[in-house]
Amino acid sequence: MYWMEKELELMADASLERSLRTSNSVSGSPGYTLRGEQVLLNMSSNDYLGLSQHPAILEVMREALLTEGAGSGASRHVTGNHMSYRRLEEALTDWQNCEAALVFANGYMANSGVISALVDRGDVVFSDKLNHASMVDGIVLSRAEHARYRHNDMEHLRTLLNKYRDKRRKLIVTDSVFSMDGDQAPLRVLAELKREYGAMLMVDEAHSGGIYGGRGEGLCHELGLQNDVDIHMGTFSKSFGVYGAYICGSRTLIRWLVNKARPLIYSTALPPSIVAGISKSLDLVQKEHWRRERLYAAAGLFRSSLCDAGFNIGAGNSPIVPLIVGDNDTALRFSRALEEEGIIAVAIRPPTVPDGTARIRFSLSAVHTDKELINAAERIHSIGLRLRVLSP
Ligand SMILES: *Cc1c(COP(=O)(O)O)cnc(C)c1O
C-alpha cells in the first residue's frame, strides 16, 4: 500500500496530518485535562456546562450499571429498548414542548440516519457550506441532490431554492451555532424561506442545546421559532456531558424515523446506564440556569480579552471562540506553544475548515473561572506576538 505512504507524506508536509493523542480526565475538575504528567487547562472540550463529572449523574449511572448491566444487548427494535428510553423520551417531549422525541446513539448517527431517511433520489437538500460533516454524510447517503449555499448567505439559498423548485421533496439543513466558527444561522430567514418554498427545515442544535433558552431548549426556542422547525436535533455529548442524541418533532416524523432511520434499526441501543445518565443530566440542564449565566459571562470576558488584544475571532458571540491564524503550520505551532503554557486548545485545519482559515478553537465552560480566563488570555497574547499572528 505504497500509495498510502505517499499520500500521508504529502499531508505531513502540508501540516495536515492528524494523529491521536491521549488525554485523561482530572477527577473532580472538569475544566482540566491530563496529558502525561502535565495538568492542563482544557479549552477544547464541549462540556459547556461542566456537567461531565456531576455527582448526581455519576450516581444514577453507577446504579443503572449495577442493576441493568454493561450493555443493552440488542437494537431498540429487538430487546434493547429498556424502560429508561421511554422515560427519557417523555421528558424530552415535555422539555421541547413537541409531540414526540427519539433518542439516537450519537449525533453523527442521528444526522446521517435522519437525513437519509427523509430524502431520496429526485429530492434536494439545501445545506450551509459550513454544516457539520455528519449532515453532509447523511446527504451523500440519501442520494438526493446536494445544493450547498455559501455560509449564512440567504440570497444564495434563495437562488438555489428557485433553481430546484421542481424537485419532489426539499429539505433545508443547518447548524444553529456553527461548530468551528461559533456564529449563528439566520434562523428567522430560514423559517421564512422554508415556508415560502414548501421545504422542510432541520436544525442541528449540537452547540446550542443546553445553552440557549430559559430551560436550555436551544436557540430555536430562544428565538421563538420552535414551531417553524420540522426536525429539531441535538446531542447529549456536549452541554449534557454524557453521550447520545435526540430528534424532536411531530408524532408522524418520529413514527417515520422508527421505521426508516437505519442507524436506529441496525445498531445496538445505548447502554441503560448512559440513558439513565442523560435523564439526570436533562433535569440538571433545565434546573441549573446559573450554569448558563456563568457560561455567557465566561464567553463575554474571554472574547473581549482576545478582541482587545487585536486577534481575529470572527463574528459570533457563543462559547465557541475561533482564533483565526490562516496558515496551517502557524496554527499547529500556536497550539503547541499553548500546551507548553499549560493550556489545551487544538488547532483546527482543513478539511474541517476552509483552506487558509486554520485556527485555534477555544470552547469555554461554566467551570472556567475569571482568573483562569484572564491568565489564559495573557498567555495567548504573548504567543500571538511571538508567532507574529499579531503585529507588535
Ligand atoms: C458534535 C456534533 C455532532 C455529532 O454529535 P456526536 O454526538 O458527537 O456524534 C453533530 N453535529 C454538530 C454540529 C456537532 O458539533
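Fair warning: this is a prediction, and the values are worked out from it, not measured in the lab.

Caption draft 1: Here's a closer look at the overall build of the chain. A count of helical and extended segments in the chain gives 14 helices and 14 strands. Relative to the compact-globule value of 21 Å for 392 residues, the chain shows a C-alpha radius of gyration of 21 Å, a close match. Taken over the C-alpha atoms alone, the chain extends approximately 60 × 55 × 50 Å along its principal axes. Counting only residues that meet the buried cut, the chain has 54% of its 392 residues in that class. For the chain, long-range pairs separated by at least 24 residues make up 69% of all intrachain contacts whose partners lie at least 6 apart in sequence. Of the accessible surface of the chain, which amounts to about 18,000 Å², a share of 50% is contributed by carbon and sulfur atoms. Of the charged side chains in the chain, 44 are positive and 46 negative, and the gap between their average positions amounts to 4 Å.

Caption draft 2: Main features of the sheet that holds strand 9 (residues 231–235). The strand order across the open sheet formed by 7 strands is 4-10-9-8-7-5-6, and the pairing between neighbours is mixed. The strands lining the two open edges of the sheet, one partner per strand, are strand 4 (100–104) and strand 6 (145–149). In this sheet, neighbouring strand axes are inclined to one another by 20 degrees on average, regardless of whether the strands run parallel or antiparallel. Both strand 9 and strand 10 (residues 245–249) contribute to a ladder of 4 bridges, which runs antiparallel. Counterpart to Met233 in the pairing with strand 10 is Ile247. Running at roughly 160 degrees to strand 9, helix 4 (residues 107–118) makes contact with strand 4, strand 5 (124–128), strand 7 (170–175), strand 8 (200–204), strand 9 and strand 10 of the sheet. Running at roughly 160 degrees to strand 7, helix 5 (residues 133–142) makes contact with strand 5, strand 6, strand 7 and strand 8 of the sheet.

Caption draft 3: Representation of the sheet that holds strand 2 (residues 32–35) in the model. Across the sheet, 4 strands lie side by side as 1-2-3-12; this open sheet has mixed pairing. Either end of the sheet is taken by a strand with one partner, and the two such strands are strand 1 (24–25) and strand 12 (343–344). Strand direction decides the pairing type here: strand 1 and strand 2, joined by 2 bridges, are antiparallel. Within the sheet, the bridge partner assigned to Ser25 lies in strand 2 and is Thr33.

Caption draft 4: Spatial organisation of the site of the ligand. The ligand sits among 14 residues. The nearest are Gly107, Tyr108, Asp204, His207 and Lys238. One nitrogen or oxygen atom from the main chain of Tyr108 is found 2.9 Å from an oxygen atom belonging to the ligand. A distance of 3.1 Å is found between an oxygen atom of the ligand and a side-chain nitrogen or oxygen belonging to Ser237. Taking 380 Å² as the accessible area of the ligand by itself, protein coverage stands at 86%. Looking at the shell around the ligand element by element, the count peaks at 3 residues for helix 4. Classifying every residue of the shell around the ligand by side-chain character gives 2 nonpolar, 9 polar and 3 charged.

Caption draft 5: Region of interest: the UniProt feature "modified residue: N6-(pyridoxal phosphate)lysine" (unreviewed entry) in the chain. Mapped onto the present numbering, the UniProt feature "modified residue: N6-(pyridoxal phosphate)lysine" (unreviewed entry) falls on Lys238. Inspection of the secondary structure assignment puts Lys238 in the loop between strand 9 and strand 10. Setting aside residues no more than four positions away along its own chain, Lys238 makes contact with Asn46, Asp47, Tyr48, Ala206 and His207.

Caption draft 6: Representation of the UniProt feature "domain: Aminotransferase class I/classII large" (unreviewed entry) in the chain within the structure. Sequence positions flagged by UniProt for "domain: Aminotransferase class I/classII large" (unreviewed entry) are, in local numbering, residues 40–380. Counting secondary structure, residues 40–380 comes out at 44% helix and 16% strand; the distance between its end C-alpha atoms is 14 Å.

Caption draft 7: Representation of the nonpolar core in the model. Met43, Phe126, Leu306, Phe334, Phe362 and Ile380 are the most contacted members of the largest nonpolar core, which has 87 residues in total. Counting residues domain by domain, this core receives three or more from each of domain 1 (19–49 + 289–386) and domain 2 (55–287). Discounting residues that sit within four places of it in the chain, Ile380 has contacts with Phe302, Leu306, Phe311, Leu323, Phe334, Leu338 and Phe362. Core analysis: the second largest hydrophobic core is formed by 25 residues, Ala100, Val119, Leu257 and Leu264 among them.

Calculation notes
- Residues numbered from 1 in each chain as written.
- Predicted model: local features only at pLDDT ≥ 70, side-chain atom pairs only at ≥ 80, totals over all residues.
- Heavy atoms only, no water.
- Helix = DSSP H or I, 4+ residues; strand = E, 2+ residues; numbered from the N terminus.
- Rg over C-alpha atoms; globule rule 2.2 N^0.38 Å.
- Buried < 20%, exposed > 50% of the residue type's maximum accessible area, 1.4 Å probe, protein only.
- Contact = heavy atoms within 4.5 Å.
- Areas by Shrake-Rupley, 256 points an atom, 1.4 Å probe, with all protein chains shown as cover.
- Lys, Arg positive; Asp, Glu negative; His and termini not counted.
- Charge placed at Lys NZ, Arg CZ, Asp CG, Glu CD.
- Pairing = 2+ DSSP bridges.
- Axes fitted to C-alpha atoms, helices over the stretch in contact; angles between N-to-C directions.
- Near = heavy atom within 4 Å.
- Polar contact = N/O pair within 3.5 Å; in protein donor to acceptor, adjacent residues only side chain to side chain.
- Nonpolar A, V, L, I, M, F, W, Y, C, P; charged D, E, K, R; others polar.
- UniProt positions renumbered as here; feature names shortened; annotations may be inferred.
- Core = buried A, V, L, I, M, F, W, Y, C linked by side-chain atoms within 4.5 Å.
- Domains from an automatic or database assignment.

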